[in-house]
Amino acid sequence: MARYKKKRARELQHDRFRDSAMGLFDRLGDVLEGKGKTILYGLVAVILAAAILGLYLKWSHRKTDEARRALGRAIAIATTPVTTTPVPNANGPSFTSEQERARKAIEEFEKVAAKYGDPYHTEAQYFIATNQLYVEREKGIGALTELSKSGQADVATLSKFALAQAKEGDSKYDEAAKLFSEIAALNNPVVTPENANFRLAMVYVKQGKKKEAADVLFQIADSARKAKDADGTAATQSSAAREAAQELQKLDPDRYAKLTPEAPAAGLPF
């Protein structure tokens, strides 16, 4: 008897739930009466929009991966070591001169620039310009000048740095020094102020400006030695900071002696 009551109570509870649910659906039906087609069309539109969005995202991800791979292949060509004799049974292409390698790299980067949008299009243009320095130098310098004004901050900074190096290589030291100074002021991690200022100091050396070069080198090295990590320990010095100290030692030993002493290397626990 007790079991029956419990069963019946569950049935009655279920019936009350069913009655409440049916009443809600009836009221909803009254509100939506005559609007069935409109609602149906709206639902279809939402479903189609979601499907289109899903297809677009899938296509976009595939296109992004494809662009990255294409850019990576071109970069691999541009960074292939040049060898005076062809490498037998090599997995990839080999080049006997920088000019030969640059021409092949330009071909690959042009394919990327033509097929894909930004950021890959602009990045490919940057690599085209840097490789043109080996085969059509003035054309490459012109392209780097334009790219240094790009709205993509990283590409603009890299282009300006490559342009400054080209000016330095052409012995146009005043122009190179101006560009390196501007890059340092940007404080963009893609070309750190330390790297830009180190190149500036090297330009000063070539200009015979020993004091100016020593000032810059001292600032780079001393700031790096004083820098601390978040936990208060000495920060790891960059290669530019270490090179700056080495160049300062050669250029002005007395000034080098005034550098903040390097923090001792952490000892091994016993």
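In case you missed it, the structure is sitting above this.
Remember, predicted model here, so these are calculated numbers, not experimental data.

1. With respect to the overall build of the chain
Here is step 1: A count of helices and strands for the chain gives eleven helices and zero strands.
Here is step 2: Each helix and strand of the chain, placed in order from N terminus to C terminus, yields the pattern α-α-α-α-α-α-α-α-α-α-α.
Here is step 3: By the burial criterion, 30% of the 270 residues in the chain qualify as buried.
Here is step 4: Here the chain displays about 17,800 Å² of accessible surface, and carbon together with sulfur accounts for 57% of that area.

2. A short note on the pattern of salt bridges
Here is step 1: Overall, the coordinates contain 17 salt bridges when judged by the stated rule.
Here is step 2: For Arg242, the salt bridge identified is with Glu262, shortest N-O distance 3.3 Å. Highlighted residues: Arg242 in helix H10 (residues 239-251) and Glu262 in the segment after helix H11 (253-256), separated in sequence by 20 residues.
Here is step 3: Look at Glu262 and you get partly exposed, because its relative accessible area is 41%.
Here is step 4: Overlapping salt bridges, with partners in common, bring together Lys104, Glu107, Glu108 and Lys111 in one network.

3. Some thoughts on the side chain of Thr80
Here is step 1: By the secondary structure assignment, Thr80 is in the loop between helix H2 (36-78) and helix H3 (98-115).
Here is step 2: Judged by relative accessible area, Thr80 falls into the buried class, the value being 15%.
Here is step 3: Discounting residues that sit within four places of it in the chain, Thr80 has contacts with Pro93, Phe95 and Arg101.

4. Things to note about the environment of Ser94
Here is step 1: With respect to the helices and strands, the residue Ser94 is situated in the loop between H2 and H3.
Here is step 2: We classify Ser94 as partly exposed; its relative accessible area is 26%.
Here is step 3: For the pair Ser94 and Thr84, spaced ten residues apart in sequence, the C-alpha separation works out to 9.6 Å.

5. Details of the nonpolar core
Here is step 1: Judged by nonpolar contacts, the single largest core of 40 residues is most densely connected at Leu144, Phe180 and Leu217.
Here is step 2: Ranked by the residues each element gives to this core, the list is headed by helix H9 (residues 210-226), at eight residues.
Here is step 3: Leave out the neighbours within four places in its chain, and Leu144 touches Tyr126, Ala129, Thr130, Leu133, Ser159, Ala162 and Leu163.
Here is step 4: Counting 16 residues, the second largest nonpolar core, distinct from the first, contains Ala70, Ala105, Ile106 and Ala113.

What counts, and where the lines are drawn
- Residues numbered from 1 in each chain as written.
- Predicted model: local features only at pLDDT ≥ 70, side-chain atom pairs only at ≥ 80, totals over all residues.
- Heavy atoms only, no water.
- Helix = DSSP H or I, 4+ residues; strand = E, 2+ residues; numbered from the N terminus.
- Buried < 20%, exposed > 50% of the residue type's maximum accessible area, 1.4 Å probe, protein only.
- Areas by Shrake-Rupley, 256 points an atom, 1.4 Å probe, with all protein chains shown as cover.
- Salt bridge = Lys/Arg side-chain N within 4 Å of Asp/Glu carboxyl O.
- Contact = heavy atoms within 4.5 Å.
- Core = buried A, V, L, I, M, F, W, Y, C linked by side-chain atoms within 4.5 Å.

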